[in-house]
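# Secondary and tertiary structure notes
The chain contents come next:
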Amino acid sequence: PLVISMFHLPVFIGVLRATALKQCHRGSFYRAVGQCGLIVGVGIMILWLAWMTLEAWDGDWKYTDATKDRLVERSADLYATVELKFEGTTRSLNYKLDCKQVPTHNFKFVYGQPVETSYEYTPNDKKLIGKNCSSVKTVWFLLWASPCVCALVTGILAAFCVIHGTMKDSKDTSRAEKASKQFFMMVGVLVMFMWVAASIASASMRLTGTIFSFCGAGLVALFAWWYLEIGPKVINSSLKYSKFTGQLMSVFQNDWFRACVVCGFNVTIPTFFAIEVLRAKVRRLRKTTTSKSWTTTEAQLAWGFLEEWQWASIFMKVNLLCMLYWGMSIGVAKITVVFLAWLNEALASWSYLAVNIILFLIAEFLMMLPPTPGIPVYIIMGIILAGQGRKVEGVGYGGGLIIGIVSAFLVKEVSVVGQYAIGFFMGKSVKIQQLVGVDKVAIRAVEKIMMRKQVIGKVAVLVGGPDWPTNCLCGVLRLSLWTCCWGTIPVITIIGACVMAGAFLAGPKEIMTDSEKSMWSAIANTALVLSGVVQMVAGVIAMYYIQSVVSKEGEELARTRPEHEPVFELTRAEEAFRDTYAEVLRWDSLPRPWLLLIAVSASMMVGSIFGFQFMDSLCFVDFQVNDRVSDPDGLNCGSNLGCAIFRLVNGDTPIGWAALGIFFFACFLHFIFSSYVVWVAKKRLAAKSADLSGFEEFPKNAGP
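Structural notes, computed from the coordinates.

Cut-offs used in this document
- Residues numbered from 1 in each chain as written.
- Predicted model: local features only at pLDDT ≥ 70, side-chain atom pairs only at ≥ 80, totals over all residues.
- Heavy atoms only, no water.
- Helix = DSSP H or I, 4+ residues; strand = E, 2+ residues; numbered from the N terminus.
- Polar contact = N/O pair within 3.5 Å; in protein donor to acceptor, adjacent residues only side chain to side chain.
- Pairing = 2+ DSSP bridges.
- Salt bridge = Lys/Arg side-chain N within 4 Å of Asp/Glu carboxyl O.
- Buried < 20%, exposed > 50% of the residue type's maximum accessible area, 1.4 Å probe, protein only.
- Core = buried A, V, L, I, M, F, W, Y, C linked by side-chain atoms within 4.5 Å.
- Contact = heavy atoms within 4.5 Å.
- Disulfide = S-S within 2.5 Å.
- Expected span 1.5 Å × (residues − 1).
- Arc of directions from axis to C-beta.
- Phe/Tyr/Trp six-rings, centres within 6.5 Å; stacked < 30°, edge-to-face > 60°.
- Lys NZ or Arg CZ within 6 Å of the ring centre and 35° of its normal.
- Axes fitted to C-alpha atoms, helices over the stretch in contact; angles between N-to-C directions.
- Parallel < 35°, antiparallel > 145°, perpendicular 65-115°, else oblique.
- Left-handed = near helix turned anticlockwise from the far one by under 90°.
- Nonpolar A, V, L, I, M, F, W, Y, C, P; charged D, E, K, R; others polar.

Before going further, it helps to examine the environment of alanine 542. Note on placement: alanine 542 falls in helix H24 (residues 514-557). A sequence separation of 82 residues divides alanine 542 from alanine 460, and the C-alpha atoms of the two residues are 4.9 Å apart.

What follows deals with the side chain of asparagine 471. Locating asparagine 471 in the fold gives a position in helix H21 (residues 467-476). Polar contacts involving the side chain of asparagine 471 include one to the side chain of glutamine 419, which spans 2.6 Å.

Turning our eyes to something else, we now look at the pairing of strand S3 (residues 105-110). Where S3 and strand S4 (residues 113-120) come together, five bridges link them in antiparallel fashion. Among the inter-strand pairings, phenylalanine 109 is bridged to a residue of S4, identified as proline 114. If you look at the hairpin formed by S3 and S4, you'll find two residues sitting between the two strands, and tyrosine 111 has a positive phi there, around 55°.

On to the pattern of salt bridges. One pass over the full model with this rule turns up five salt bridges. The closest approach of N and O atoms between glutamate 345 and arginine 628, which form a salt bridge, is 3.5 Å. Of this pair, glutamate 345 sits in helix H14 (residues 311-346) while arginine 628 is found in the loop between helix H27 (616-619) and helix H28 (641-647), placing the two residues 283 residues apart along the sequence. Given the relative accessible area of 17%, glutamate 345 is considered buried. Residue arginine 561 pairs with glutamate 447 through a salt bridge whose shortest N-O separation is 3.0 Å. One end of the pair, arginine 561, is in the loop between H24 and helix H25 (565-584); the other, glutamate 447, is in helix H19 (residues 441-451), with 114 residues separating them in the sequence.

Structurally, arginine 91 is set in strand S2 (residues 89-92). Note on arginine 91: relative accessible area 14%, which makes it buried. At a separation of 2.9 Å, a polar atom in the side chain of arginine 91 contacts the side chain of aspartate 98.

If you look at the biggest cluster of nonpolar residues, it comprises 42 residues, and the most contacted ones within it are Val318, Phe612 and Phe673. Those elements that place two or more of their residues in this core are helix H11 (255-265), helix H13 (297-307), H14, helix H26 (592-614) and helix H29 (655-701). In terms of residues, this core owes the most to one element, H29, which gives eleven residues. Residues within four places of phenylalanine 612 in sequence aside, it is in contact with Trp326, Ile330, Cys619, Phe620, Gly656, Ala659, Leu660 and Phe663. Counting 40 residues, the second-largest nonpolar core is a separate cluster that includes Tyr352, Val463, Cys498 and Ala503.

This part covers the state of the cysteines. Enumeration over the complete set of coordinates arrives at two disulfides. Across the disulfide, cysteine 99 is cross-linked to cysteine 133 (sulfur-sulfur distance 1.9 Å). Of note, the bridge from cysteine 99 to cysteine 133 carries an S-S torsion of about -80° and is left-handed in sense. Of the two residues, cysteine 99 is situated in helix H6 (residues 95-99) and cysteine 133 in helix H7 (residues 123-163); the sequence distance between them amounts to 34 residues.

Turning our eyes to something else, we now look at helix H12 (residues 268-285). With 18 residues, H12 should reach 26 Å at 1.5 Å per residue; the first-to-last C-alpha distance of 25 Å fits that figure. Along H12, the residues classified as buried are Phe273, Glu276 and Ala280. Mapping the buried residues of H12 onto a view down its axis gives an arc of 55°, with all of them on the same face. Residues of H12 that are exposed and angled more than 90 degrees away from the buried face: Leu278 and Leu285.

This part is about the packing of aromatic side chains. Tallied over the entire structure, the rule returns 25 aromatic pairs. Ring pairs connect the aromatic residues Trp326, Phe612, Phe620, Phe663 and Phe664, which therefore count as one cluster. Seen from the ring of tryptophan 61, arginine 70 lies directly overhead, with NZ or CZ sitting 4.2 Å from the centre. The ring centre of tryptophan 256 lies 5.3 Å from the NZ or CZ of lysine 317, which sits over that ring.

This part covers the packing of helix H17 (residues 396-426) against helix H23 (residues 492-506). Interaxial distance between H17 and H23 falls to 9 Å at its minimum, and their mutual angle equals 140°. Between H17 and H23, the angle is such that the two are oblique. Judged by the sense of rotation from one axis to the other, the crossing of H17 with H23 is right-handed. For the pair H17 and H23, the contacting residues are Tyr397, Leu401, Gly404, Ile405, Ala408, Phe409 and Lys412 in the first and Ile492, Ile495, Gly496, Val499, Met500, Ala503 and Phe504 in the second. Looking at the contact of H17 with H23 residue by residue, the classes come out as eleven nonpolar, two polar and one charged.

Here you go:
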């Protein structure tokens, strides 16, 4: 059901639109599909809720322990297919003995009854059993929840169709521009989803691959829909009369965008050409074509299009994007999780007041570091303050939760002041102003929003944007500090959800059954996702306001300002070097060995990131912020933080260390290539300057 709703249904609608209903009016088609989708989605949701609650239908199927037991009973064949091999014998996975409780010893069946053997499970054995239990549980849980997911996906598709149901024919350029803006906003929503996923991954690594894969597929589908549905005629017409569409197309032609495309499609690009080569060969064997070309016409067109790209520049940007992803989602995120888990253990024996003070100072220090995501910091405050509050008379679990929310909010507000101060004082540098882009239209649009009396736009920018860049930007732009502080107050909804997620992970009791742990973990994940959704919504609203200001006041914002004249002069002074640097990077002018070097570097970089993304469990140990670094079945490092960071890489397989080695070697190759390009660019620029100076001096020395 999930595959059908998430993949087959959109493909079916696209095929239907491209074939049988190709001549149908665009607006009528989308409105009809949207209405049908809403009816089907609401109907599925109603039936699912009725199935859960009406005992007369099929019993009580609310997600309780009784429901879990029935799902396990009906999934007996799934458990039987999972084979475990211990002591030279093979047996099937058993839910009651392997999954419902933490196993310590192996067992065998004697006359149908389980008998414990003398073989004691090793930590690796326990991890293997737990992994298999989780895999089977995921299957039967998805089966139970699939109607809800199907209803939500169908509703999203229906909303998409309804939104675009007003789009008219290709002559209506204004409506095409409106559709392009909606497309841009929806791309922004998916990008915000990916950024929020990267933040959540710092606290729960299991969600990263799924959300990133879903967003990547959504981006591909969205680009395909925009191009095929609007059509090249509308795009060409809009380029002539629509300024926004022209700007959008200039973004598509930018090397940074093309680098994102290469990162997103990665192995599918060479796979496409390999398939097309096979197709051409099959056509020649079947004698359905007279062409002697090595590939198909479609592949030749694609190859000709890609040949126009400046691949050296794109490969360098691919490397930089991969480094940024690794730093945020793998390097900093995972190390932050291990450090916070270690801190939780280290503070266990301290007094509650001392824990509050130390935790506040450490959290504030982490928040002042640019790469540190805020979500795991808030979660660990909930885990520590609520968990230790259980032991303190007069505080309790609920009191610790409230103290955690208040402390985390104070950390956020103090960090706003600190980050603003950094931007304020460093913003006096012309180079910093240039890097921030104070002379750019988008940054001036943010400044415009923050200086208005309208509250929603300010709050959306301050809450939805990344902490460090947003607050530092406000300082560089010399905006009101008071506005930044009170405009950040609504972020307490996100902070509160994260702190509650941490408190739920700790649980109201120090010792809980597996059923209670599962329940509180599910509630914690729900709170975590809600915090991400709130932040994503705020980010989308901020993007809407920024895009609206740029669209309405773009010409005014683009005008030169006297206070930004030094920035303009610096940019103009560096323009000669940038032009020379771009000349050196031209694909047709670089020596072949250097072309090969940067191509190999980018290929290795993308390959390693692909491994990190889709083989996370093979590369790294599954370690969460509420785990213990001293756990013998986990990292088993006692109080040694360095050991915990080192053992975070999965030692059971060589994939983790191999991926890290490939990544860092690719970084080394990138550094060599970048140094070479800078050296050649400086050398050429110096030669040009010498030639120009000789040309200027020639008239002075000329004469009979």
